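# Commentary on secondary and tertiary structure
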Amino acid sequence: VKASYDVVVIGGGIVGCACAYYLSQTFGDMLLLEPGAVGGGATAAGMGHLVVMDDSEAQFALTRYSLELWQELQPELPAAVEYEQRGTLWVAEDEEEWRLLSGKQSFYADRGVEAEVVDGPALSGLEPSLRRGLPGALLTPQDAVIFPMTAAQFLLSRAMSNGCELERTAARQLSGKKITLVDGRVVEGAMVINAAGDHAPMLTEGLNIKPRKGHLVITDRYPSHVRHQLVEVGYLKSAHTMGSESVAFNVQPRATGQLLVGSSRQFVGDDPAFDHALVAKMLARATSFMPSLANLNAVRAWTGFRAATPDKLPLIGPWPFSPGLFVAAGHEGLGVTTSLATGRMLADMVTGLRPAIDPSPYAAARAMNG
Ligand SMILES: Cc1cc2nc3c(=O)[nH]c(=O)nc-3n(C[C@H](O)[C@H](O)[C@H](O)COP(=O)(O)OP(=O)(O)OC[C@H]3O[C@@H](n4cnc5c(N)ncnc54)[C@H](O)[C@@H]3O)c2cc1C
């Protein structure tokens, strides 16, 4: 490690790696700090659904832009990233949710994203394992699935071929643009990017990020049991329940033929312990939509932490209280999707280009108000 760099990125999750990827196209003199496996944090714990989400205009703009960037990058992705354009089926559970679908369809279509309402029989044709009698779903065919850890590693390998160094150590303290490493060495960046995920507030006081725990279960290989990423329309309700714990039906077909089954959300600190009662609830929800899941063999289950902000948008941009410091953290349950837009917007900001979407809803400075 040298004493100083043009850019130092703290954190080698998919967000830090995406920042390194885009910034290395301008800055050759870069360092990325990561004490663990690259992409081994929340990135390894997540689902890897690349999804355009309509919770708010700002979330929609960021996810749509990110999906476009993933599509642009797709031809260059190695097979290990397992990019598959599966499409999402937003499954309605009852007549009330079914009636919401046409509004949801118009919202996507009005903003240039393909979306199609499919009725119950058509849904059964698309996904025969779903329970019969469901009223229908909204299909967003452009959404995709990737394997997040190898995607992070790919982005960093590109950055490294542009000159970025990787140091397998943690930052202990950040003071202005000076970083003290755990072993006492000090490095300085003309620009420092805090991309330490849910640990970002430990380095930058005032970042309003809390860990939001999630559980996932993965099955043995059952190719073609599920074809699309399946998410219940009520998923956003689950994502909104900030106070308590919640579960939602969310099943993903992996390139290996395995099924990833989720998902849960809890604010219970940072204890990674497995919550059997909650997972039982999560699986009951999943089997209520897809009874055949009960006959499949689950091979592994784990927990992970989403870096949650109070307004459900990430913190991207300069930290006004410390010149030269930038934040790229707080991506909650969408950071695999939104990593590329984050890196690209930051790179545009620091090189004086106008970002392709308005960055103000994600301004890091708002963390001080909430
Ligand atoms: C159950 C679950 C399901 C999810 N599903 C999806 C999904 O389907 N689609 C989607 O888009 N997103 C999903 N997510 C969210 C997504 O996984 C995260 O938003 C994303 O991985 C965040 O990436 P990150 O780089 O910010 O954080 P991380 O991957 O946590 O990376 C931060 C890195 O910083 C390092 N670090 C921490 N402290 C320091 C320090 N002091 N010095 C140096 N390095 C440090 C850590 O070791 C870590 O590797 C899911 C998350 C969970 C938990």
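The preceding data block contains the structure.
Here's a quick rundown of the structure. (Residues numbered from 1 in each chain as written. Predicted model: local features only at pLDDT ≥ 70, side-chain atom pairs only at ≥ 80, totals over all residues. Heavy atoms only, no water.)

## Observations regarding the pairing of strand β2 (residues 30-33)
- Burial of β2 is two-sided: the residues Met-30 and Leu-32 facing one way and the residues Leu-31 and Leu-33 facing the other way are all buried.
- Pairing analysis gives four bridges linking strand β1 (residues 4-10) to β2, with the strands arranged parallel. Paired with Val-9 across the two strands is Leu-32, which belongs to β2.
- The sheet contact formed by β2 and strand β8 (residues 165-167) spans three bridges and is parallel. Each residue of the ladder has a partner; that of Leu-31, found in β8, is Glu-165. (Buried < 20%, exposed > 50% of the residue type's maximum accessible area, 1.4 Å probe, protein only. Helix = DSSP H or I, 4+ residues; strand = E, 2+ residues; numbered from the N terminus. Pairing = 2+ DSSP bridges.)

## Section: the site of the ligand
- Every one of the 35 residues lining the ligand counts as a neighbour, but Glu-34, Thr-43, Ala-171, Glu-332 and Thr-337 are closest to it.
- Contact between the ligand and Ile-14: an oxygen atom at 3.2 Å from a main-chain N or O atom of the residue.
- Gly-48 has a polar backbone atom sitting 3.4 Å from an oxygen atom of the ligand.
- Protein coverage of the free-state accessible area of the ligand, which is 1000 Å², stands at 92%.
- Elements with a minimum of two residues in the shell around the ligand: α1 (14-23), α2 (42-45), β16 (298-308) and α10 (335-350).
- Split by residue class, the shell around the ligand holds 17 nonpolar, 15 polar and three charged. (Near = heavy atom within 4 Å. Polar contact = N/O pair within 3.5 Å; in protein donor to acceptor, adjacent residues only side chain to side chain. Areas by Shrake-Rupley, 256 points an atom, 1.4 Å probe, with all protein chains shown as cover. Nonpolar A, V, L, I, M, F, W, Y, C, P; charged D, E, K, R; others polar.)

## Observations regarding the pattern of salt bridges
- For the structure on display, the rule yields 16 salt bridges.
- Connected through shared salt-bridge partners, Glu-93, Glu-232 and Arg-285 make up one network. (Salt bridge = Lys/Arg side-chain N within 4 Å of Asp/Glu carboxyl O.)

## Notes on the environment of Arg-254
- Tracing the chain through its elements places Arg-254 in the loop between β14 (246-253) and β15 (258-265).
- Residue Arg-254 is classed as buried on the basis of its relative accessible area of 6%.
- Each C-alpha atom of the pair Arg-254 and His-228 lies 9.8 Å from the other, and the pair is 26 residues apart in sequence.
- Once residues within four sequence positions are removed from consideration, Arg-254 is found in contact with Met-47, Glu-82, Glu-84, Arg-86, Val-145, Ile-146, Phe-147, Ile-218 and Leu-260. (Contact = heavy atoms within 4.5 Å.)

## Details of α10
- The end-to-end C-alpha separation of α10 is 21 Å, in line with the 22 Å expected for 16 residues at 1.5 Å each.
- Within α10, 13 of the 16 residues are buried, which leaves it mostly tucked inside the rest of the structure.
- With its phi angle positive at about 80°, Gly-352 sits one or two positions after the end of α10. (Expected span 1.5 Å × (residues − 1).)

## Observations concerning the sheet that holds β15
- Spatial ordering of the open sheet is given by β5-β6-β4-β13-β14-β15-β12-β16, a layout of eight strands whose pairing is mixed. At either end of the open sheet lies a strand with only one pairing partner, and these are β5 (116-119) and β16. Direction aside, the axes of adjacent strands within the sheet are offset by 25° on average.
- Summarising the sheet, β14 and β15 pair through six bridges and their orientation is antiparallel. Of the residues in β15, the one forming a bridge with Asn-250 is Gly-262.
- With respect to the sheet, helix α9 (residues 276-289) is in contact with β4 (88-92), β12 (210-221), β13 (229-232), β14 and β15, its orientation differing from that of β14 by roughly 60°. (Axes fitted to C-alpha atoms, helices over the stretch in contact; angles between N-to-C directions.)

## A closer look at the packing of α1 against helix α6 (residues 148-161)
- Running from N to C, α1 and α6 point in directions that differ by 25°, and their axes come no closer than 8 Å. For the element pair α1 / α6, the angle class is roughly parallel. The chirality of how α1 crosses α6 is left-handed. On the side of α1, the interface is formed by Ile-14, Cys-17, Ala-18, Ala-20 and Tyr-21, while α6 contributes Pro-148, Ala-151, Ala-152, Leu-155, Leu-156, Arg-158 and Ala-159.
- Split by residue class, the contact of α1 with α6 holds eleven nonpolar, no polar and one charged. (Parallel < 35°, antiparallel > 145°, perpendicular 65-115°, else oblique. Left-handed = near helix turned anticlockwise from the far one by under 90°.)

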